[in-house]
Amino acid sequence: MLRLSAGLLLIPAALGALVVPAFAQEADRVLYVDTLSDNQDLDSIDQGSTSGSLECWEQDSGGGSSQLLCHDGVTADCTLRSAILCANAYAGNRFEIRFRDLPGAMKIEPTGALPAITADHLVIDGFQCANCAETPDPGTLYTAAEELLLSDPAAALADFQIGPTLDGSSLPVAAAHLLKVQANDVVIRGLHLRGASAPATPNAAAVFFGPRDNDAFSVSGGSLSGCFIGGLDRSGLALVGRRNDVGVLLRGHGGVQISHNLLSGNKVAGVMVHPGGG
């Protein structure tokens, strides 16, 4: 069911209490993004090394699991760009990107297009943000389905705290989508996604789900939940700044579950579906 009122669009998975679905997929390795900065010059990876422009290596965290550590070779921080590149480089495992020690408004503002996500089963979980300036909390998007949210958004969002902001306002005009998913069963949750608007790319999207190498329907599955997507501020109650052209664009990527997101202020569409590849 889709209900639209006062610029707010809530996509529930089912009627009843609208609770952001609990994350059930268990990750083999966890990457922690611990900086708001970005280094768009990263173009190579040293796996298991301590040199190179981007370093990825494993560290035993006890209990039979391990962390996948990364830093950009300059500051020893793990940027979101670094984490995506490291996850892409280690095929055959289940990875989760979490966040920690993020200050202030927790806004990550890439200065160049982020790498496409090609790691199957990758999870980016904005609700996992340890020792951050704000504590993300999926809360409950209330009972009575979407009626309360549409009639009284402030009450509906009172116990909800969004995770880190990913803002495309500093992307160059030639950049395309904010997050580009070209992998199977990728999970994205708890992020504030805004500013995906590129004159050179019609229908630039906050999140793009699409095939690999223009091979239509080569990838499938995954989910997008608990996100603020559009021109929303962090409260989810006001429109400010640069907006997305499109909130979510699906092009030849089947079986994605899109649920419990708040979409508002996207200039062209909240959700757009194209049947073919490309």
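Residues numbered from 1 in each chain as written. Predicted model: local features only at pLDDT ≥ 70, side-chain atom pairs only at ≥ 80, totals over all residues. Heavy atoms only, no water.

Here we look at the overall build of the protein chain
From N to C terminus, the protein chain includes 3 helices and 22 strands. The buried share of the protein chain, taken over its 278 residues, is 51%. Sequence separation of at least 24 residues holds for 76% of the intrachain contacts in the protein chain that already meet a minimum separation of 6. (Helix = DSSP H or I, 4+ residues; strand = E, 2+ residues; numbered from the N terminus. Buried < 20%, exposed > 50% of the residue type's maximum accessible area, 1.4 Å probe, protein only. Contact = heavy atoms within 4.5 Å.)

Here's the deal with the environment of D185
Examined against the element boundaries, D185 turns out to sit in the loop between β11 (179-181) and β12 (187-189). Exposure remark for D185: the relative accessible area of 29% places this residue in the partly exposed category.

A few points about the state of the cysteines
The final tally for this structure, using the stated rule, is 1 disulfide. Here C129 is linked by a disulfide to C132, with a sulfur-sulfur distance of 2.0 Å. Handedness here is read from the sign of the S-S torsion; for C129 and C132, about -85 degrees, the answer is left-handed. C132 matches C129 in its accessibility class, with the two residues each being buried. (Disulfide = S-S within 2.5 Å.)

Some details on the side chain of R81
Here R81 is to be found in helix α1 (residues 80-89). Of the residues examined, R81 reaches a relative accessible area of 4% and is grouped as buried.

Some details on α1
In terms of burial, α1 is a largely internal element, 8 of the 10 residues being buried. All of the buried residues along α1 are L80, R81, S82, A83, I84, L85, C86 and A87.

Digging into the pattern of salt bridges
With the rule as written, the count across this model stands at 7 salt bridges. A salt bridge links E96 to R98, with the nearest nitrogen and oxygen atoms 3.0 Å apart. Looking at E96, the relative accessible area reads 2%, which means it is buried. Residue R98 is classed as partly exposed on the basis of its relative accessible area of 22%. Its salt-bridge partner being K267, residue D245 comes within 3.2 Å of it at the nearest N-O pair. Here D245 is found in the loop between β17 (228-230) and β18 (246-251), whereas its partner K267 is found in the loop between β21 (261-264) and β22 (269-274), with 22 residues between them in sequence. (Salt bridge = Lys/Arg side-chain N within 4 Å of Asp/Glu carboxyl O.)

Looking at the packing of aromatic side chains
Scanning the entire structure with this criterion turns up 2 aromatic pairs. Look at F127 and F160: their rings are 5.9 Å apart centre to centre, the planes differ by 80 degrees, and that puts the pair in the edge-to-face class. With a gap of 33 residues between them, F127 in strand β9 (residues 123-130) and F160 in the loop between α3 (153-156) and β10 (165-167) connect regions that are remote in the sequence. Since its relative accessible area comes to 9%, F160 is described here as buried. Geometrically, the ring pair formed by F160 and F228 is stacked, given 5.3 Å between the ring centres and 25 degrees between the ring planes. (Phe/Tyr/Trp six-rings, centres within 6.5 Å; stacked < 30°, edge-to-face > 60°.)

Some thoughts on the side chain of S223
Its place among the elements puts S223 in strand β16 (residues 223-225). Here S223 falls in the buried class, since its relative accessible area comes to 14%. For S223, the residues in contact, after removing those within four places along its chain, are V186, V187, I188, V256 and Q257.

Focus on the nonpolar core
If you look at the biggest cluster of nonpolar residues, it comprises 47 residues, and the most contacted ones within it are I97, F99, I188, L193 and L224. Secondary structure elements with two or more residues in this core: β3 (29-33), α1, β7 (95-100), β9, β11, β14 (205-209) and β18. Top element by residues in this core is α1. It accounts for 5 residues. Residue contacts for I97: discarding those within four places in its chain leaves L31, V33, L80, A83, I84, L122, V123, I124 and D125. With 7 residues, the next largest nonpolar core counts F127, L157, I162 and L262 among its residues. (Core = buried A, V, L, I, M, F, W, Y, C linked by side-chain atoms within 4.5 Å.)

A look at the environment of D245
Of the residues examined, D245 reaches a relative accessible area of 9% and is grouped as buried. Separated by 51 residues in the primary sequence, D245 and R194 place their C-alpha atoms 9.4 Å from one another. Not counting the four nearest positions on each side in its chain, D245 is found in contact with A196, S197, A198, T201, N203, A204, N266, K267, V268 and A269. Engagement of the side chain of D245 in a polar contact is seen with the side chain of K267, the distance being 3.2 Å. (Polar contact = N/O pair within 3.5 Å; in protein donor to acceptor, adjacent residues only side chain to side chain.)

What to know about the sheet that holds β11
Pairing is parallel across the open sheet formed by 4 strands, whose spatial order is β11-β14-β18-β22. Every other strand in the sheet has two partners, leaving β11 and β22 as the edge strands with one partner each. Averaged over neighbouring strand pairs, the angle between their axes works out to 10 degrees when direction is ignored. (Pairing = 2+ DSSP bridges. Axes fitted to C-alpha atoms, helices over the stretch in contact; angles between N-to-C directions.)

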